[in-house]
Amino acid sequence: MSAEEKSFALQRARMVEQQLRARSIGDERVLSAMGKVPRQEFVPEDLRPAAYEDRALPIGYGQTISQPYMVAVMLEMLDVHDSHKVLEVGAGSGYQAAVLAELAREVVVVEIVEPLAHHAQLSLDRAGYGRVKVVVGDGTLGHAEAAPYDRIIVAAACPEVPGPLVEQLRDGGRLVAPVGRRDVQQCVVCVKRGDEVEMTKTIGCVFVPLIGEHGWKRRAW
Ligand code: SAH
């Protein structure tokens, strides 16, 4: 391991203890997955020294890589098992998809900004997560080819839970999404039971807007 890698490993271990465990993230699988994924490989070159800071970071095109704590909270709510097929909407940097790949059997992630999607796939390949499939498209429509999914996570703010995502969720499956206004949302957990969807509102959060047919209409950039 190079001196730089050692330093990042130390920063990552500190992030897990101080930003996650100390703030009541108790899911050992999530903690262990986030203790493995090299977050510095998913941020722009000049922001590598800031990769483990307690905040979201800009990744270009007006988009961000989410704060580690927010990733952990949402993944804890998602309750991913290793037999699961997971759909993520909003690849961004690809970081959360890499964490999902540590937790699930199969991960598909949709990204609407083409250059971000290509870059995310490159970063995933380089970091050893080439099995994650990045699809370019409007994720508010889901990705029907690989449906149904055991778990779906939306990484951008929705005006409401997109209908096609609920349709593509397996019976008994679970979906986590930030739902609300364009500037502030609440994390919502949905569990599908036949034709019914059981919805629980949880903590407040702030995500970039989900743009698309079942999202917000206008691009923010
Ligand atoms: N999970 C990411 C952060 C997501 S930021 C990470 O780990 O880095 C939200 C992303 O959602 C942005 O990249 C944005 O371009 C994307 N997005 C917005 N609307 C979308 C849509 N309809 N379908 C797919 N991606 C969308």
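Just above sits the structure.
Because the structure is a prediction, the values reported are computed rather than measured. (Residues numbered from 1 in each chain as written. Predicted model: local features only at pLDDT ≥ 70, side-chain atom pairs only at ≥ 80, totals over all residues. Heavy atoms only, no water.)

Student: Outline the environment of Gly-139, supporting the account with residue identities and numerical values.
Tutor: Structurally, Gly-139 can be placed in the loop between strand E5 (133–136) and strand E6 (149–154). The class for Gly-139 is buried, based on a relative accessible area of 5%. (Helix = DSSP H or I, 4+ residues; strand = E, 2+ residues; numbered from the N terminus. Buried < 20%, exposed > 50% of the residue type's maximum accessible area, 1.4 Å probe, protein only.)

Student: Can you tell me about the pattern of salt bridges, naming the residues and giving the values?
Tutor: Two side chains that carry opposite charge are able to pair once their charged atoms sit near each other. Following the criterion strictly, the structure yields 12 salt bridges and no others. Two residues, Lys-36 and Glu-102, come together in a salt bridge whose shortest N-O distance is 3.8 Å. Of this pair, Lys-36 sits in the loop between helix H2 (28–34) and strand E1 (57–60) while Glu-102 sits in helix H4 (residues 95–103); the two residues are 66 residues apart in sequence, bridging distant segments of the chain. Residue Lys-36 is classed as partly exposed on the basis of its relative accessible area of 48%. For Glu-102, a relative accessible area of 27% puts it in the partly exposed group. We note a salt bridge from Arg-48 to Glu-41, for which the minimum N-O separation is 3.6 Å. The class of Glu-41 is partly exposed, set by a relative accessible area of 30%. Through salt bridges with shared partners, a single ionic network connects Glu-4, Glu-41 and Arg-48. (Salt bridge = Lys/Arg side-chain N within 4 Å of Asp/Glu carboxyl O.)

Student: Give a detailed account of helix H3 (residues 68–78), specifying residues and quantitative values.
Tutor: Across the 11 residues of H3, 9 count as buried, placing the element largely inside the fold. Positive backbone phi, approximately 55°, marks Asp-79, located one or two places after H3.

Student: So what's going on with the layout of surface pockets? Residues and values would help.
Tutor: For the largest pocket, the calculated volume is near 520 Å³. Forming the walls of the largest pocket are 36 residues, and the residues nearest its centre are Thr-64, Gly-90, Ala-155, Ala-156 and Val-208. Of all the secondary-structure elements, those providing two or more residues to the lining of the largest pocket are strand E2 (63–65), H3, strand E3 (85–89), H4 and strand E4 (106–111). The class makeup of the residues in the lining of the largest pocket is 21 nonpolar, 12 polar and 3 charged. (1 Å grid on protein atoms, 1.4 Å probe; cavity = no way out; pocket = protein on both sides within 12 Å on 5 of 7 lines; lining within 4 Å. Points joined across faces, edges and corners; volume = space filled by probe spheres on them. Nonpolar A, V, L, I, M, F, W, Y, C, P; charged D, E, K, R; others polar.)

Student: Hey, could you go over the pairing of E5 for me, with residue numbers and the actual values?
Tutor: Here E4 runs beside E5; their pairing, made up of 4 bridges, is parallel. Each bridged residue has a counterpart across the sheet, and for Val-108 the counterpart in E5 is Lys-133. The parallel pair E4 and E5 is bridged by helix H5 (residues 114–126), and the resulting crossover is right-handed. (Pairing = 2+ DSSP bridges. Right-handed = clockwise from strand over helix to strand, strands pointing away.)

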